[in-house]
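Below, each chain spelled out in residue letters.
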Amino acid sequence: MRQGETARADWAAAGRRRRVRVNAIICAACAAILILPIAIEDPILQTWELAAGDVLTDQRGGGKVDDRLVLVGIDDASLDVLDVLDEEVIEGVPELDAMSFGWSFPRSVYATLAQKLIDAGARLVVFDMVFVTEEEGDEAFKAVIEANPDRIVLGCNLAVRDVIGTVGGLDRKEQLPSPSVLEIADGGDPRVGHVNFFPDLDSRVRELKPVMRSYANEAVPLYNSLALAALRQLGMADWLDASGEEMPIRFPRFRGGEPIYTPLPLYTLFVPYDWEKSYASGGAFKDKIVYVGGTSTVQFQDDALIPEDLILGVQLQMCALSAGLNGDFYTCLLYTSPSPRDLNPNL
């Protein structure tokens, strides 16, 4: 080999060695960023770790927007139908008439809504709501729930609040559906799922807790999350890890600011013209999984910060179910949840 060729070969080999060293340094730096906060339980370092994890997983996005899911929202217009509908339309529909008196609505409104959606062919109706107290219309709502035991899911809240003067400084209270709506056995009920999510140190929600108790006591029943309860009602939960380990959600990407799961105003489902023209006399809900929840940020103030944006609480619940339906959970160094696609190759 000539001297010039030898020099070029040596230079190329040295370049390859430099690239290897640079790559090794980058990998080591990334590993340090991810592992150091675990070794040193420092809030600032842990916040950096979360931010680094978001970057490395591209803001934890890329999950599917499942077109089987539909959101019916209790929005500002539904809370004040007198502003958007003529009086003769309101007076001609008992549910609209009941809604015209303002929040909160009689439970007969939800009874009619659930039966209307089920009759239209909806696979499941999920209420991201907690019906804690006895209210007007409970008898009608309870009758619809009992008549459709595998088609409706209700929310519960396993509240944990800091309260001065209580034992341990915590007030732990299960906010379950009122017996006037659903009588729950001691071991829980498959039609009920907890609505709780737990933000990380930076106030962002990243994970689903499939099952949990409100107390650290094995005598207290485990409650499925709202997403897991829905999956069980659909017969699609066999693959999901229900050990209680948190499962990091792969959220859908936000497309140019377009919201995910755009709400359909609740009141429109009771307006005869809208039901016929906008919803094809119910055909729009055939085979759908319909979520019902508060979308008025003024009335409900129910939203959640995720790595990419701020979304409504009910949209967060829908992202969790979509992740369960499509196997959109993360597995990586910091997360020990099993891979859904490993557990269910058919996803």
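Residues numbered from 1 in each chain as written. Predicted model: local features only at pLDDT ≥ 70, side-chain atom pairs only at ≥ 80, totals over all residues. Heavy atoms only, no water.

Colleague: What is the right way to look at unusual backbone geometry in this model?
Modeller: The phi angle of most residues is negative, glycine excepted, and most peptide bonds adopt the trans form. Across the junction of Trp103 and Ser104, the peptide omega takes the value 0°, indicating a cis bond. Its location among the elements puts Ser104 in the loop between helix 5 (94-99) and helix 6 (107-119). Not every positive phi belongs to a glycine, and Ser203 is a case in point at roughly 70°. Here Ser203 lies in the loop between strand 5 (192-194) and strand 6 (207-208). Judged by its relative accessible area of 47%, Ser203 falls in the partly exposed class. A positive phi angle, close to 50°, is found at Gln301, a residue other than glycine. (Helix = DSSP H or I, 4+ residues; strand = E, 2+ residues; numbered from the N terminus. Buried < 20%, exposed > 50% of the residue type's maximum accessible area, 1.4 Å probe, protein only.)

Colleague: Could you clarify how one ought to interpret helix 8 (residues 226-234) in this entry?
Modeller: Of all nine residues making up helix 8, eight are buried, and the element is well covered by its neighbours. Three or more residues of helix 8 are buried, namely Leu226, Ala227, Leu228, Ala229, Ala230, Leu231, Gln233 and Leu234. Immediately beyond the C-terminal end of helix 8, within one or two residues, lies Gly235, with a positive phi of roughly 70°.

Colleague: Could you clarify how one ought to interpret the pairing of strand 11 (residues 289-294) in this entry?
Modeller: Consecutive side chains of a regular strand alternate in pointing toward one face of the sheet and then the other. Judged by how many residues are buried, strand 11 sits mostly within the fold: six of six residues are covered. Pairing between strand 1 (residues 69-74) and strand 11: six bridges, direction parallel. Looking at strand 11, one finds that Val72 is bridged to Val292. With four bridges connecting them, strand 2 (residues 124-127) and strand 11 associate as parallel partners. (Pairing = 2+ DSSP bridges.)

Colleague: Sorry, what's going on with the side chain of Thr268 here?
Modeller: Considering the arrangement of structural elements, one finds Thr268 in the loop between strand 10 (264-265) and helix 9 (272-277). For Thr268, a relative accessible area of 7% gives the class buried. A polar atom in the side chain of Thr268 sits 2.7 Å from the side chain of Tyr279. When neighbours within four sequence positions are excluded, Thr268 is seen to be in contact with Asp274, Trp275 and Tyr279. (Polar contact = N/O pair within 3.5 Å; in protein donor to acceptor, adjacent residues only side chain to side chain. Contact = heavy atoms within 4.5 Å.)

Colleague: Which parts of the structure should I look at to understand the packing of helix 6 against helix 7 (residues 138-147)?
Modeller: Geometrically, a packed helix pair is captured by the angle between its two axes and the distance between the axes. Packing of helix 6 against helix 7 leaves a shortest axis separation of 7 Å and a crossing angle of 25°. Classified by the angle their axes make, helix 6 and helix 7 are roughly parallel. Taken as a pair, helix 6 and helix 7 cross one another with a handedness that is left-handed. Listed contacts from helix 7 to Arg107, Tyr110, Ala111, Ala114 and Gln115 of helix 6 are Asp138, Ala140, Phe141 and Val144. Taken together, the residues of the contact of helix 6 with helix 7 sort by class into six nonpolar, one polar and two charged. (Axes fitted to C-alpha atoms, helices over the stretch in contact; angles between N-to-C directions. Parallel < 35°, antiparallel > 145°, perpendicular 65-115°, else oblique. Left-handed = near helix turned anticlockwise from the far one by under 90°. Nonpolar A, V, L, I, M, F, W, Y, C, P; charged D, E, K, R; others polar.)

Colleague: It is not clear to me how the packing of aromatic side chains should be interpreted in this structure. Could you clarify?
Modeller: Given two aromatic rings, their pairing is described by the distance between the two centres and the angle made by the two planes. Taken as a whole and assessed by the stated rule, the structure comprises 11 aromatic pairs. Between the aromatic rings of Phe127 and Phe131, the centroid separation amounts to 5.9 Å while the plane-to-plane angle is 70°, which identifies the pairing as edge-to-face. Phe131 gets classed as buried once you look at its relative accessible area, which sits at 3%. Aromatic side chains Trp275 and Phe285 sit 5.8 Å apart centroid to centroid with 15° between the ring planes, which places their arrangement in the stacked category. Note that Trp275 is positioned in helix 9 and Phe285 in the loop between helix 9 and strand 11, a separation of 10 residues in sequence. Per residue, the accessibility class of Trp275 equals that of Phe285, and both read buried. Lys116 extends its terminal NZ or CZ atom over the ring of Trp275, reaching a point 4.3 Å from the ring centre. (Phe/Tyr/Trp six-rings, centres within 6.5 Å; stacked < 30°, edge-to-face > 60°. Lys NZ or Arg CZ within 6 Å of the ring centre and 35° of its normal.)

Colleague: Is there a simple way to explain the pattern of salt bridges in this structure?
Modeller: Any two side chains of opposite charge can pair, so long as their charged atoms come close to each other. In the structure shown here, the tally under the stated rule is eight salt bridges. Among the salt bridges present, the one from Asp66 reaches Arg68, with a minimum N-O distance of 2.6 Å. What makes Asp66 buried here is its relative accessible area of 1%. Accessibility expressed as a relative area gives 25% for Arg68, which makes it partly exposed. Residue Arg191 is joined to Asp189 by a salt bridge in which the shortest nitrogen-to-oxygen separation is 2.9 Å. For the pair Arg191 and Asp189, a shared accessibility class is recorded, and that class is buried. Each member of the salt-bridge network shares a partner with another, and the members are Asp200, Asp202 and Arg206. (Salt bridge = Lys/Arg side-chain N within 4 Å of Asp/Glu carboxyl O.)

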